[in-house]
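Tertiary structure, described
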Amino acid sequence: MCRDSARSTRKSRLEPNSLTRSTRHATPRAAFAPKEAPTDASPLAASEHAAALRAEAAMKLTCLSTSGGGGSYHSPASHVLELEGLRFLLDCPIDLSALAVFSPVPLTGDAGGLIRAVPRYWSPAAAAAAREGGVDAVLVSSATGMLGLPFLTRLPGFVNTKIYVTEVAARIGKLMMRELVEMHRAFVRYYGPDTDGLPKWMEGDKLNGLASMLQKLVTEDEGKDLTSLMPLYSPGNIEECMQKIQPVKYGEEVCFNGIFMLKASSSGLELGNSVWTIKGPRASITYLPSSVFVSAHALDFDYSSLKENDVILFSDLSSLNDMDEDNEKLDEHAMNETDSSLCHHSVLRDDGADADETITFLCNNDDITEEIERISFICSCIIDAIKSGGSVLIPIGRLGAILLLLELISETLHSSSIKVPIFMISETAEEIIAFTNALPEWLCKSRQEKLFSGEALFGHMELLKEGKLFLFPHLHSKGLLAAWKEPCIVLCPHWSLRLGPAVHLLRRWHADKRCLLVLEQGNDAELSLKPFMPLAIQVLECSFLSGVRVAKIDSLLGVLNPKFVMLPEGLKSRCSVKKRPWSFLYYTKGKTIELPNLREDFEVHLAHNVALGLQPRQLNETTAVARLRTDLLVSSGQYQLAAAEKQSDRSKRHLLHWGAVDPDRLLPALQEKGMLCSFAADDNCAGERSVLITSPVDALVKITSDRTVIYCDDEGTSKHIYDALCSVCNGI
Amino acid sequence: MAIECLVLGAGQEVGKSCVVATIAGKRVMFDCGMHMGYHDRRHYPDFARALAAWGALDFTSALSCVVITHFHLDHIGALPYFTEVCGYHGPIYMTYPTKALAPFMLEDYRKVTMDQRGEAEQYSYEDILRCMKKVIPLDLKQTVQVDKDLVIRAYYAGHVLGAAMIYAKAGDAAMVYTGDYNMTPDRHLGAAQIDRLKLDLLITESTYAKTIRDSKHAREREFLKAVHKCVSGGGKVLIPTFALGRAQELCMLLDDYWERMNLKIPIYFSAGLTIQANMYYKMLIGWTSQKIKDSHAVHNSFDFKHVCHFERSFINNPGPCVLFATPGMISGGFSLEAFKKWAPSEKNLITLPGYCVAGTVGHKLMSGKTTKIVLDKDTHIDVRCQIHQLAFSPHTDSKGIMDLTEFLSPKHVILVHGEKPQMAFLKERIESELGMPCFYPANNESVSIPTTHTLKMSTTERFITSCAAEQGKQSLRKRNLIHGTGASEVNGSDEAAAEGVLVMEKHKAPKILCEDELLQVLGMERHLVQFEAMGSSRIEAAVEWELKRAEAADLGSEENE
Ligand SMILES: [Zn+2]
C-alpha cells in the first residue's frame with residue numbers, strides 16, 4: 001500500500017500541469033522549486049507516514065458542491081481539502097432542492113402533477129468523497145453546513161472522523177435536523193414508511209413522465225441522477241452524528257492530529273457561524289464561507305484574526321447568487337475601473353492611515369442599514385396586510401432575519417396600536433427562543449451591551465412577557481386553538497413549502513387576496529407554489545444580506561494579505577488580478593486543483609538544554625555542524641526536539657565521513673596512538689593504498705577515494721584506528 | 001529566562017488577591033482585590049510600592065494587562081480604585097458574567113461602606129461604571145492575543161458564575177493562575193475544567209489547604225434541616241450573603257425544598273438587586289451546570305417560585321421567614337441591621353458561610369461560643385440565636401488542590417489565598433508527594449521561577465519523515481487518530497528518537513538536515529568506513545555492528561548510490 005502511494009507521488013510531482021501551475025503562480029515570496037525526482041523509497045526507510053507526507057505534499061482542493069436550493073445561506077458550498085496527507089471536509093449541507101417535485105401532504109386535487117410519495121433527498125456530494133478517500137476531519141461553518149452529515153455517519157470512511165463546529169451552530173444544527181426529520185414524518189404517516197427499495201415513481205416510464213418538470217432540477221446540476229435520491233436520515237443517524245462533534249468557542253484553538261491547529265472565528269452571517277483557520281506545519285489556510293462585516297444580531301466578522309494566513313479559500317458564493325441584482329452596480333464599477341484602480345492601489349499600501357480607510361470601507365454600516373431597510377419594508381407590507389384584514393405567513397428559515405423581524409414587527413405594531421397575535425409554530429420554537437436570550441458571547445457588540453446593562457438580549461422576550469407572541473410546537477398543539485385569532489402573523493418552517501405548518505396555512509389562506517406570504521428569494525417560487533394554485537394571496541419575495549459584496553472582496557483580500565487566493569471560477573471576471581501581491585487559483589465544482597508547497601521547510605523548536613549540549617564542529621570559515629540526537633515530539637501544531645532519553649555512548653564518534661582520506665596524514669595519526677605502521681609495499685592498484693599495522697596487533701587499512709576498510713581482529717585496536725582515521729577525515 | 005512573581009495581596013492570608021507575574025518581559029496583574037477586614041491603607045494592595053519597585057512611570061506602561069478571575073470583592077474590589085484613582089488605562093480582561101455582575105458587587109459594597117461606616121469614599125458609582133466600560137469580556141477557552149507576544153485564555157473554575165482560571169503565555173514561558181475554584185460541581189455550577197497544559201508555574205488558591213470535605217449532600221441536608229426546624233418553631237432565618245453566588249445557590253436549594261415540602265413561609269431577598277441579579281443569571285445560563293443548561297428551555301432554575309417581595313420594615317414583622325441579606329460575613333449593611341434585631345432571640349437562626357474574614361462580625365461568631373458582640377462603645381448585641389455554619393463551600397478542598405496540581409504537573413507551584421500554617425502544610429505535601437518546588441510568599445514578596453525555552457529553527461521534510469520512520473510503528477496519521485487529539489498539549493504528541501545534523505552557516509539561519517542532505521549541501525561525496533576481520537581481508541564480509549550502523553545512518557540515501 002505504501003508503495004502505491006509512493007509511486008503516485010512521483011506521478012503527480014512530474015505531471016506537467018502541476019509544474020506549470022506552480023511556476024505560473026509562483027511569486028517571489030512563495031518560491032517553489034520542484035525537487036529532483038523523489039527517490040524510490042527503500043523498504044526499510046518508507047514508513048507509511050513518510051510515504052503519506054511525500055505523496056500529499058501539495059495542498060489539494062476539490063469543490064464538491066456550490067449550492068443546492070435555498071441559496072448559499074441554506075446550502076453553503078462544500079469542499080474537500082487535502083493537507084499533509086489528511087483530508088478535511090469543509091461543510092456538508094443538505095440539498096433540499098428535490099423536495100420541490102414532491103407534493104405536500106395531505107394530498108388535494110391533482111397535486112399539480114408532483115410526485116405523490118415520501119420525498120427523497122439528494123445524497124450530499126461529500127458522501128461520495130467519504131466513500132472514496134475517507135474523511136479525517138470535518139470543519140463546519142454554520143448550522144446549515146452540517147445538515148447533510150447524518151447521511152455520512154454510517155460510512156466506513158467516517159468512523160474515526162471528528163466534526164468541528166461552534167457550540168451554537170452545533171446546537172442550532174441539531175434542532176434543524178430534528179425539525180426536518182419531524183416534519184418529514186408527516187409524509188411517512190400519510191403514505192406509510194418509505195422502503196429501502198426503488199419507489200414506484202422511480203420506475204422507468206413514470207420517471208420519464210416527470211422528466212419535463214424535473215428537467216430543471218437535473219440540468220441545473222449535471223451529473224445528478226434522480227435515481228440517486230435517497231431516504232432521509234433517522235433520529236439515530238442524527239445522534240451518531242452529534243457524538244462525533246467536538247464543539248468549540250470562537251477563538252478556541254484546537255489541535256487536530258498533533259500537527260494542525262484549528263480555530264473558528266465569527267463570520268457575522270448568523271449566530272454561531274464561523275470562518276476557520278487551519279494552521280498546518282507548512283501553511284496556514286483560511287476557510288472563508290459567507291461572511292458579513294457588521295451584523296445586527298451575530299458577532300461581527302472577525303476578519304482580523306485571519307490576517308497573514310498564507311492561503312484563502314474564498315467560499316462566499318453569495319455574490320454569485322445575486323449576480324443579477326448587482327450587475328447594474330458592477331457596470332458602473334467597471335466604467336470607473338481605471339480611476340478607481342489607482343485609489344484601490346493606494347488603499348492596499350501597508351501604511352496605517354490607508355489601512356484604516358480600507359477597514360472603514362469594509363465595516364461601514366451600509367450593509368446593515370440596507371438590511372434594516374429591507375426588513376422594515378417587509379414589516380410595512382406585513383402591517384398593510386394586517387390592516388386590510390389579512391393574515392401573514394412567513395416561512396423563512398433564517399434565524400437572524402426572524403429575530404430582527406420580530407423586533408421590528410413588535411415596534412411597528414406598538415406604534416400603530418394594532419393588536420394581532422404573533423405565532424411561532426415550530427417543533428423547536430420554544431428552545432430557540434429561550435436559547436437566543438442566553439448566548440451573549442455570540443452576539444454583536446450592541447446586544448452584548450444589553451447584557452451589561454441588564455436588558456433582554458432580544459426584543460422577543462418582551463413580546464412573550466406581554467402575551468403578544470405565542471410559541472407552539474405544532475398546529476394541533478394544545479392551547480393553540482384558544483389563542484388563535486385571525487388576522488395573525490405566523491412564523492413557521494419551511495421555506496420549501498413542502499414541509500411543516502406552512503403547507504396547511506398556505507392552503508388555508510392561498511385564495512384570500514388580503515393575506516400575505518413572505519418568501520425568501522433563491523428558490524424557484526413558481527415550482528414551490530405549484531401545488532397551491534390558483535393563488536390570490538399576495539406574495540412578497542425578499543432577499544437578505546448573505547455575504548461579502550463583490551465590491552468589497554478586493555479590499556478584504558488586501559487587508560488579509562494572503563499569498564494565494566482560491567476563488568470560485570464564477571468570480572474570476574469580477575476580481576481584478578492586476579498588480580495584486582497574491583495569486584489567484586480558480587476552482588469549479590467537481591474539479592481538483594493543486595497548490596504548491598508554500599514552504600519547503602518545517603519549523604522545529606529545539607529545547608534549550610539540547611542546544612547547550614551540542615558539540616559543534618567548524619568545517620570551514622563559514623560553516624559549522626553539530627550532530628543532534630533528540631526526541632521528536634508533536635504537540636499543538638509544533639514539532640519539538642527534546643533531549644533524548646537514552647544518550648548514545650557513540651555520540652562523540654563520527655558516523656558520517658565525506659571527502660577523501662589522505663594516507664600520508666593517516667600514518668602519523670596512527671603513530672601518535674602508539675601504533676607501528678607503514679605503507680604496504682604492494683600499493684599498485686589504481687587509487688588504492690594500504691597501511692599495514694604491526695603493533696600492538698596486526699591490522700590493515702585499505703584506502704580508496706570513496707572508501708576505507710579496516711581489517712582488524714582486535715576491537716580495541718580497530719577503535720583506535722577508527723579514531724585516528726576520524727582525525728584526518730572530514731566527518732561528523 | 002524566568003517568571004518573576006510579585007504577590008501584592010492574598011500572600012499568606014485571604015483577602016485582596018493580587019499577583020503580578022512578569023512572563024518573558026510581559027507584566028500581567030492577576031486580580032485586583034480588596035481586603036474586607038481592614039479599613040485603612042491595608043484595604044488595597046500596595047500599588048505604589050510595586051510601581052516604585054518596577055521603576056516605571058505609570059501603571060499603564062508597567063503592565064501589559066489586568067485579568068480578573070471572578071466577581072468576589074477580594075478579587076475585584078480594588079479595580080475601580082486602580083483604574084480611576086491610580087490611573088491604569090491598559091487592557092482589563094474578565095469573563096462575560098464577571099463583567100456583567102461585578103458592578104453589582106462593587107456598588108453594593110460601596111454603598112455599605114459609605115452609608116454604614118461613613119468611610120471616606122475611595123471611588124464613586126461613576127468610577128465603577130467608567131472602570132467597567134474599559135473591560136474586555138472573555139469567553140472560556142478563547143485564546144486572546146493581548147499583544148504580539150502575550151496570550152491569555154480562561155478556563156472554567158466553578159466557584160461562582162463566571163469564575164475563571166487564567167492561562168498566560170509569553171515566549172516559551174507559560175503559567176496558570178487559578179483564582180478561586182471548586183473541583184466538585186454544586187447546585188448551579190459545574191466543576192473546574194482545564195486542559196493538561198505545559199506549565200512552568202501554577203499559582204493556586206489554598207483556602208482549604210488542610211481540609212478534606214465529605215459528601216456535599218449530607219451538608220446540604222443539614223442546612224435544610226436547620227432552616228426547617230427554625231421556621232417551623234416560628235423563628236426567623238438570617239442568611240447573610242453577598243448579592244451573587246452563594247445567594248443563588250442557597251436559594252435554589254431552598255426553593256426546591258419548599259416545593260417538595262410544600263412550605264408557605266416567605267423567602268425574602270433584602271435588596272432588589274439580588275432579584276435583578278437573577279435576571280442576569282438567566283441570560284448567563286450557558287455558564288451554569290450542564291443540568292441547568294439542559295433544562296432551562298422548560299424551566300429556568302433562576303425563576304424562584306417562593307421568593308417574595310420584601311421591604312425593609314418587614315424586619316419587624318412577627319412570624320417566621322427566611323431572609324437573604326447583604327453583605328455576607330455581616331460586615332455592615334442590611335445583614336448587620338437584621339442581625340442586631342434577630343440575634344437576641346433564641347428562636348432565630350443565623351447561617352454563616354464557611355469562611356469569614358478576620359475583623360467581621362461573622363468571624364467573631366465563628367470563633368466559638370460568642371454571647372455578646374461589641375460593635376462600638378454604645379452598641380452591644382446579645383447573641384442568643386442559633387448559629388449554623390455552612391459546611392459546604394465553593395472552594396476546593398485540599399484533595400482538589402492536590403488533584404489539580406498533579407493533573408497540570410507544573411514545574412513550580414506558588415500558593416496564595418490561604419492561611420500561613422495550612423499553606424506550610426500543603427507546601428510540604430506538594431514538594432514531597434508531587435516533587436514540585438512550592439512557595440507561599442507573603443504580601444509584597446516576590447519569587448523568581450526559572451523557565452525553559454526553545455530555539456526555533458527550520459528543518460527538512462526528509463528529517464521529519466525519517467524521524468517518523470525511525471519510530472517504525474504505525475504512521476503518524478493513524479496513531480494520532482487513535483490517541484485522540486483534544487485541546488490538551490500532551491495528548492496526541494508523538495515521540496521518535498531523531499538523529500540529524502545541525503548546520504550553522506554564517507549569515508544563514510541554522511537548519512537541521514539528514515546526513516545525506518548535509519553531503520548535498522557541502523557538495524561532498526560520502527566516504528565509507530568499514531570494518532572487516534583480519535582473516536577475511538580478501539573476502540567481502542563485514543563486521544556486523546558497524547555495517548548495521550552504516551545502514552541505519554544511510555536510510556533513504558541508498559537509492560542515490
Ligand atoms: Zn471567590
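What you see as residue numbers is a count from 1 along each chain, following the sequence as written. Here the convention is simple: chains get letters from A, ligands get numbers from 1, in the order in which they are written. Predicted model: local features are reported for residues with pLDDT of at least 70 only, side-chain atom pairs are reported and counted for 80 or more only, and whole-chain, interface and lining totals are derived from all residues. Water and hydrogen atoms play no part in the side-chain values, which are based on all heavy atoms of the structure.

Chain B is annotated in an unreviewed UniProt entry as Beta-Casp domain-containing protein of Setaria viridis. Its UniProt record gives chain B a comment under Subcellular location (unreviewed entry), which states: "Nucleus". The UniProt entry for chain B carries the following text under Sequence similarities (unreviewed entry): "Belongs to the metallo-beta-lactamase superfamily. RNA-metabolizing metallo-beta-lactamase-like family. INTS11 subfamily." UniProt positions are given in the numbering used here, feature names are shortened, and annotations may be inferred rather than shown by experiment.

In the annotation of an unreviewed UniProt entry, the entry for chain A reads Beta-Casp domain-containing protein, and the organism field reads Setaria italica.

Quick word on the coordination of the zinc ion
Residues and elements named next belong to chain B. Listed donors are limited to N, O and S atoms within 2.8 Å of the metal, widened to 3.2 Å for Na, K and Ca; water is not among them, so incomplete-looking sites are possible. Summarising the metal site, the zinc ion is bound by the protein donors His 70 (NE2), His 72 (ND1), His 159 (NE2) and Asp 180 (OD), whose distances to it range over 2.1 to 2.2 Å. Labels for metal geometry use angle windows, namely 85 to 135 degrees for all angles of a four-donor tetrahedral site, and for square planar (four donors) or octahedral (six donors) sites opposite donors over 155 degrees apart plus all others within 65 to 115; sites meeting none of these are irregular. One can describe the donor arrangement at the zinc ion as irregular, given that its four donor atoms subtend angles of 91 to 167 degrees at the metal. Sequence spacing among the residues donating to the zinc ion works out to H-x1-H-x86-H-x20-D. Taken together, the positions of His 70 in the loop between β4 (65-67) and α3 (73-76) and Asp 180 in the loop between β10 (173-177) and β11 (201-205) put the pair 110 residues apart, joining distant regions of the chain. Burial status follows relative accessibility: with a 1.4 Å probe on protein chains alone, a residue under 20% of its type maximum counts as buried, one over 50% as exposed, and anything between as partly exposed. When its relative accessible area of 0% is taken as the criterion, His 70 is described as buried. Overall, the relative accessible area of 1% leaves Asp 180 in the buried class. Working definition: helices are DSSP H or I runs of at least four residues, strands are E runs of at least two. Numbering for both runs from the N terminus.

Looking at the environment of Asp 139 of chain B
Assignment of secondary structure puts Asp 139 of chain B in the loop between β6 (135-138) and β7 (143-145). The exposure class of Asp 139 of chain B is buried, given its relative accessible area of 5%. Sequence separation between Asp 139 of chain B and Ala 154 of chain B is 15 residues; the distance between their C-alpha atoms is 7.0 Å. Residues within four places of Asp 139 of chain B in sequence aside, it is in contact with Lys 249 and Glu 441 of chain A together with Tyr 96, Ala 154 and Trp 287 of chain B. Polar contact is the term for a pair of N or O atoms within 3.5 Å; when the atoms are in protein, one must be able to donate a hydrogen and the other to accept it, and sequence-neighboring residues count only if both atoms are side-chain atoms. Polar side-chain contacts of Asp 139 of chain B include one of 3.4 Å to the side chain of Lys 249 of chain A. Contacts are assigned to residue pairs that have any heavy atoms within 4.5 Å of one another.

Considering the UniProt feature "domain: Beta-Casp" (unreviewed entry) in chain A
Per the UniProt record, "domain: Beta-Casp" (unreviewed entry) is annotated on residues 402-527 of chain A. Structurally, residues 402-527 of chain A is divided into 41% helix and 13% strand, and its ends, taken at the C-alpha atoms, are 24 Å apart.

Focus on the sheet that holds strand β2 (residues 78-83) of chain A
Residues and elements named next belong to chain A. In this scheme, strands are said to pair when DSSP sees at least two bridges between them. An order of β6-β5-β4-β3-β2-β1-β20 is seen for the seven strands of this open sheet, with the pairing classed as mixed. Each of the sheet's edge strands pairs with one partner strand only, and the pair in question is β6 (245-248) and β20 (592-595). For this sheet, the mean angle separating the axes of adjacent strands, direction not counted, is 25 degrees. Sheet topology note: the strand β4 (residues 137-139)/strand β5 (residues 162-166) ladder contains three bridges and is parallel. Residue Ala 137 lies in a different strand from β5, and its bridge partner there is Lys 162. Angles run from 0 to 180 degrees between N-to-C directions of axes, and those axes are lines fitted to C-alpha atoms, restricted for helices to the stretch in contact.

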